[in-house]
Amino acid sequence: MQVLTYLIPISLILGGLGLAGFIYTVRSNQYDDPEGDSRRILSDEWDEHPKP
Amino acid sequence: MTAQLRPSAAACPGCLAIPQNAVEEAPIAARLALSLPGIHCQACISAVERGLNAAPGVISARVNLTLKRAMIEAEPDMRAADLIPVMEALGYEAHELDLAALSSTQSDKTGRDLLMRLAVAGFASMNVMLLSVSVWAGASEATRDMFHWISAAITLPTIAFSAQPFFKNAWSALRVHRLNMDVPIVLALVLALVTSLWETSLSGEHAYFDAALTLTFFLLAGRYLDYRTRAVARSAAEELAALEVPRAIRLRDGIETEVAVGELAIGDLILVRPGGRMPVDGEVVSGQSELDRSLLTGETLPVFAAPGQGVSAGEVNLTGPLTIRAIAVGKDTSLHRMGDLVAIAESGRSRYTSLADSAAKLYAPGVHILSALSFVGWYLYTWDLRTALNIAAAVLIITCPCALGLAVPAVTTAASGRLFRKGMLIKDATALERLAQVDTVVFDKTGTLTAGTPQLTNLDEFCRTDLEIALALAQASAHPLSRSLAQAAQEAGVSAAPVSDLHEVPGYGTEGLYRGNRVRLGRAAWIGAPQASMTAAWLDLGEDTARGFLFTDALRPGAETAVQALLAAGKQVQLVSGDSSNAVRDLAARLGITDWVAGALPEDKVERIKMLSDQGHKVLMVGDGLNDTAALAAAHVSISPASALDAARVASDIVLLGQDLTPIAEACDVARRATKRIRENFRLATLYNVIAVPLAVAGLATPLIAALAMSASSITVSLNALRLR
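Now for a look at the structure at hand. In this text the structure is predicted, and so the values were computed from the model without any measurement. (Residues numbered from 1 in each chain as written. Chains lettered and ligands numbered in written order. Predicted model: local features only at pLDDT ≥ 70, side-chain atom pairs only at ≥ 80, totals over all residues.)

### Points about the overall build of chain A
And step 1. Secondary structure summary: chain A contains two helices and zero strands in total.
And step 2. Evaluated residue by residue, chain A yields a buried proportion of 4% over its 52 residues. (Helix = DSSP H or I, 4+ residues; strand = E, 2+ residues; numbered from the N terminus. Buried ≥ 20, exposed ≤ 12 C-beta atoms within 10 Å, placed from the backbone.)

### So, the overall build of chain B
And step 1. Along chain B, the regular secondary structure elements total 27 helices and 26 strands.
And step 2. Overall size of chain B, expressed as C-alpha extent along the three principal axes, is 115 × 70 × 50 Å.
And step 3. When each of the 725 residues of chain B is scored for burial, the buried share is 46%.
And step 4. Considering only intrachain contacts with a sequence separation of at least 6, the fraction spanning at least 24 residues in chain B is 68%. (Contact = placed C-beta atoms within 7 Å.)

### As for the packing of helix H15 (residues 402-421) of chain B against helix H27 (residues 703-722) of chain B
All names here are of chain B.
And step 1. Relative to each other, H15 and H27 sit at 15°, their axes nearing to 8 Å. Taken together, the axis directions place H15 and H27 in an arrangement best described as roughly parallel. H15 and H27 meet at a crossing whose hand is right-handed. Seen from H15, the contacting residues are Cys402, Ala403, Leu406, Ala407, Ala410, Val411 and Ala414; seen from H27, they are Met710, Ser713, Ser714, Val717, Ser718, Ala721 and Leu722.
And step 2. Its residues assigned to classes, the contact of H15 with H27 shows 11 nonpolar, three polar and no charged. (Axes fitted to C-alpha atoms, helices over the stretch in contact; angles between N-to-C directions. Parallel < 35°, antiparallel > 145°, perpendicular 65-115°, else oblique. Left-handed = near helix turned anticlockwise from the far one by under 90°. Nonpolar A, V, L, I, M, F, W, Y, C, P; charged D, E, K, R; others polar.)

### As for the interface of chain B and chain A
And step 1. Facing 25 residues of chain B, the contacting portion of chain A comprises 23 residues.
And step 2. Secondary-structure elements contributing two or more residues to the side of chain B that touches chain A are helix H3 (42-54), strand S2 (58-64), helix H6 (109-136) and helix H7 (141-162) of chain B.
And step 3. Sorting elements by how many residues they give to the side of chain B that touches chain A places H6(B) first, with nine residues.

### Remarks on the environment of Leu425(B)
Residues and elements named next belong to chain B.
And step 1. Mapped onto the fold, Leu425 is located in strand S14 (residues 424-426).
And step 2. Residues Leu425 and Val232, spaced 193 residues apart in sequence, show a C-alpha to C-alpha distance of 8.8 Å.
And step 3. What Leu425 contacts, discounting residues up to four positions off in sequence, is Ala233, Ala236, Ala237, Phe420, Ile654, Val655 and Leu657.

### Considerations on the sheet that holds strand S8 (residues 281-286) of chain B
All names here are of chain B.
And step 1. The strand order across the open sheet built from six strands is S6-S5-S7-S13-S8-S11, with neighbouring strands paired in antiparallel fashion. Every interior strand has two partners, whereas the edge strands, strand S6 (255-260) and strand S11 (310-311), have only one.
And step 2. Here S8 runs beside strand S13 (residues 322-328); their pairing, made up of five bridges, is antiparallel. Looking at S13, one finds that Asp281 is bridged to Ala328. (Pairing = 2+ DSSP bridges.)

### Focus: unusual backbone geometry
Residue and element names in this part refer to chain B.
And step 1. Although it is not a glycine, Trp383 adopts a positive phi angle of roughly 55°.
And step 2. Mapping Trp383 onto the fold places it in the loop between helix H13 (355-382) and helix H14 (385-399).
And step 3. The phi torsion at Asp501 lies on the positive side, around 55°, for a residue other than glycine.

### Some thoughts on the packing of H3(B) against helix H4 (residues 80-89) of chain B
How two helices sit against one another is set out by the angle between their axes and by the gap between those axes.
Residue and element names in this part refer to chain B.
And step 1. At their nearest, the axes of H3 and H4 sit 10 Å apart, and the two run at 135° to each other. Here H3 lies oblique to H4, going by the angle between them. The interaxial crossing formed by H3 with H4 has right-handed handedness. Of the residues in H4, those in contact with Val48, Gly51 and Leu52 of H3 are Leu83, Val86 and Met87.
And step 2. Here the residues of the contact of H3 with H4 sort into five nonpolar, one polar and no charged.

### Things to note about the pairing of strand S15 (residues 440-443) of chain B
All names here are of chain B.
And step 1. Burial along S15 is two-sided: the face carrying Thr440 and Val442 and the face carrying Val441 and Phe443 are both buried.
And step 2. Taken together, the four bridges between S15 and strand S22 (residues 572-576) define a ladder with parallel strand orientation. Its bridge partner being in S22, Thr440 is matched across the sheet by Gln572.
And step 3. As paired elements, S15 and strand S24 (residues 619-622) share four bridges and run parallel to each other.

As structure tokens, this is what we get:
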């Protein structure tokens, strides 16, 4: 049962990370345009990083 | 936000020179919005963004494909109208959107709030469910107690955060001594938490932490679906309103300035160009033209307007520029006064109780009584408070309206989504249920069954030379009759005759010289011809008597199909119009409607709807004009086309987005099936209760059974709803 002392905190932290990630995406308006975002992947224009 | 403000480096190199802070700190930068109904793919997004960012004065532009809209940050003096030509040059249809009317779409606080609570409940329930599964799998003694305590530590704060909407709703119902669906939910949550904590502290076997969390999760999912459906409808309705930018041209000392309609004052001189809508009630000061009053009265024949004549807000100026002096502005205009009639009509409408409300009315007291009875029964039987409380909590949790909470929203989401793709916007939450009961359909004529565009009927009666002259004259004017005549003639392969000295006489027609003869095309009174009963334009060649081009109102696409389908579905179809009886009779005959009324005033329309309702009919009213507004509000359920006046759209439950009327018949069918699904869902949810409740009352229910019953019923209900898509 010793293993539980590691596993339970780990599972809680992983779950918490997922939740934090989701909250970040909601806060930064990432669900405002789901249709457009799925198509922007196909764009060959880079808006932030230089082309490789 | 950041994504919208960040200038696109690839498309607009010049923008990089502007420090990002400068953009954010300068609130003077204009925010503009364009509606782009034609965009549909990645290439469109790139082309539009590249085009907009390259336009001078634009700081940054970003396309939202879901809303088919572009948001633009621009220099303060930019106007959206300046960017429309840019879009049209790229081949995209663009319309200006009034940002003030879009405000609530921008700050979608409630939706985000619900989503956040849903996410927290979801993550917490997953974690607690993991711990619970190990307990059900056989964890015992100290391990079980530890798992229960960890579950409690996760559950209590989560419920405190996620279940807040239920606490608030239940409290507001209890404060006025009423019961709603949220009262049993809150009671079940609180009782589950209290008994579980008690059990855990006594190192008992059964704790319902996972049940409390999954319950919250499923119920929030239902709430969120419900909210999304309405938010989508609301934002689309807002977009319709935002497309009508309320501006007018004010004349002061001969200088034209464009101002918002709200700034106009009584006595202002306002210039209304051909094609423009009267912004206020007033009186013509100068200019001559014709007015289209069909939106206000249903009349199709244009009315002649000359100095001294009164005009009402909402009328459309057809031929010449008119200068009017405002007599009534804002709330005092005839447009707004119609609102009083709407209020009266609405008060007469019997209040509809939604299926969910009637289910809650049956359900909430039933659950409380059942739970209280099992508590009292077990207490009297064992004299053990702990056992009795445990069983009462189990009964409440198992009967909790998890599936009931999903039963209605899951179905309405699926049905509204399906109708939205067909071009119908469901504005009201209970509109589908009411639509399903409809047995009588009342149509307005002008603008609803007809497209409001005239169609030439007697082209064959004219010889080719006459047509060539008529075409030349018609091309010189933007009047709807001229445009229709020119189009019909061109389709027949006629080319324009060489008519010189062409000019339009506003309010009368066009005239010119052909081989030395004066030729004219215009109103009967101007040409000297007898007034016809139909809409007509008269051609005068200067020699023999004038001859008339006769027009009928073109049917809206799908009008015949819709009426036939409604008749075939066994519904009564009626036509009530403010137009003259000749026009109404012709149209009724064309569509096969036997029941029609012509020359109806707005009050007559309301009376007719009331009379039908009193006879026990459930009436669907379809109309677009101001004269229909009160009738739309009085009917059991109402539909208006997107081209309708704002007031009519507000009063109706469903808005038809496209030109086509065919979806009306289908909507009735979808609504009927949706209501059937809702009832099925209620039955399914009840079935699960019928199986699980006896177990709970008998004290045989375990947290595992509760979790299984709850999840299984929620999932079946959602899947059943999906069959509608």
